[in-house]
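Coordinate inspection notes
The chain contents come next:
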Amino acid sequence: MGLNEVVSIMQQGIWQVFKLAAPVLGAALVIGLIVAIFQATTSIQEQTLTFLPKLLVILLALALLGGWMFSSMRQYTITLFGLISRM
């Protein structure tokens, strides 16, 4: 296995991490922005107010996208195990 193949595997791994983390982090970012705008307009400066909505949105995103995330990771893992025989 050459250096190019190792770099390709690492790039695929990093891309996989971004692909799986982006929807959950994006949802948390959007709800955080909405709560921050709400706090700014109502002058409520409670720091713990953002915690519960973010937690609920993250759990909802994981519940909705969990199957897709699992199948994507499964496919990547199968690909990696298939490459073991070439090492």
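This section reports on the structure supplied with the text.

The rules behind these values
Residues numbered from 1 in each chain as written. Predicted model: local features only at pLDDT ≥ 70, side-chain atom pairs only at ≥ 80, totals over all residues. Heavy atoms only, no water. Helix = DSSP H or I, 4+ residues; strand = E, 2+ residues; numbered from the N terminus. Rg over C-alpha atoms; globule rule 2.2 N^0.38 Å. Buried < 20%, exposed > 50% of the residue type's maximum accessible area, 1.4 Å probe, protein only. Areas by Shrake-Rupley, 256 points an atom, 1.4 Å probe, with all protein chains shown as cover. Contact = heavy atoms within 4.5 Å. Salt bridge = Lys/Arg side-chain N within 4 Å of Asp/Glu carboxyl O.

**Quick notes on the overall build of the protein**
Counting its regular elements, the protein contains 2 helices and 0 strands. Relative to the globule expectation of 12 Å for 87 residues, the C-alpha radius of gyration of the protein, 19 Å, shows a markedly less compact shape. Its C-alpha atoms give the protein principal-axis dimensions of about 60 × 25 × 15 Å. The 87 residues of the protein split such that 17% are buried. Carbon and sulfur atoms make up 75% of the accessible area of the protein, which amounts to about 6,500 Å² in all.

**Considering the environment of Ser72**
Within the secondary structure layout, Ser72 lies in helix H2 (residues 51-84). Along the primary structure Ser72 and Lys19 are separated by 53 residues, whereas in three dimensions their C-alpha atoms are 9.3 Å apart. Non-local contacts of Ser72, meaning those with residues more than four positions away in its chain, are made with Gln16, Lys19 and Leu20.

**A look at unusual backbone geometry**
Here the phi dihedral of Ser43 falls at roughly 60°; this positive angle occurs in a residue that is not glycine. Locating Ser43 in the fold gives a position in the loop between helix H1 (3-42) and H2. The class for Ser43 is exposed, based on a relative accessible area of 59%.

**Details of the side chain of Gln16**
For Gln16, the position within the fold is in helix H1. Look at Gln16 and you get buried, because its relative accessible area is 7%. Excluding its chain neighbours within four sequence positions, the residues that come into contact with Gln16 are Ser72, Met73 and Tyr76.

**Notes on the pattern of salt bridges**
Summed over the entire model, instances satisfying the criterion amount to 1 salt bridge. Glu5 serves as the salt-bridge partner of Arg86, at 2.8 Å between the closest nitrogen and oxygen. Residue Arg86 is located in the segment after H2, and its partner Glu5 is located in helix H1; the two are separated by 81 residues in the primary sequence.

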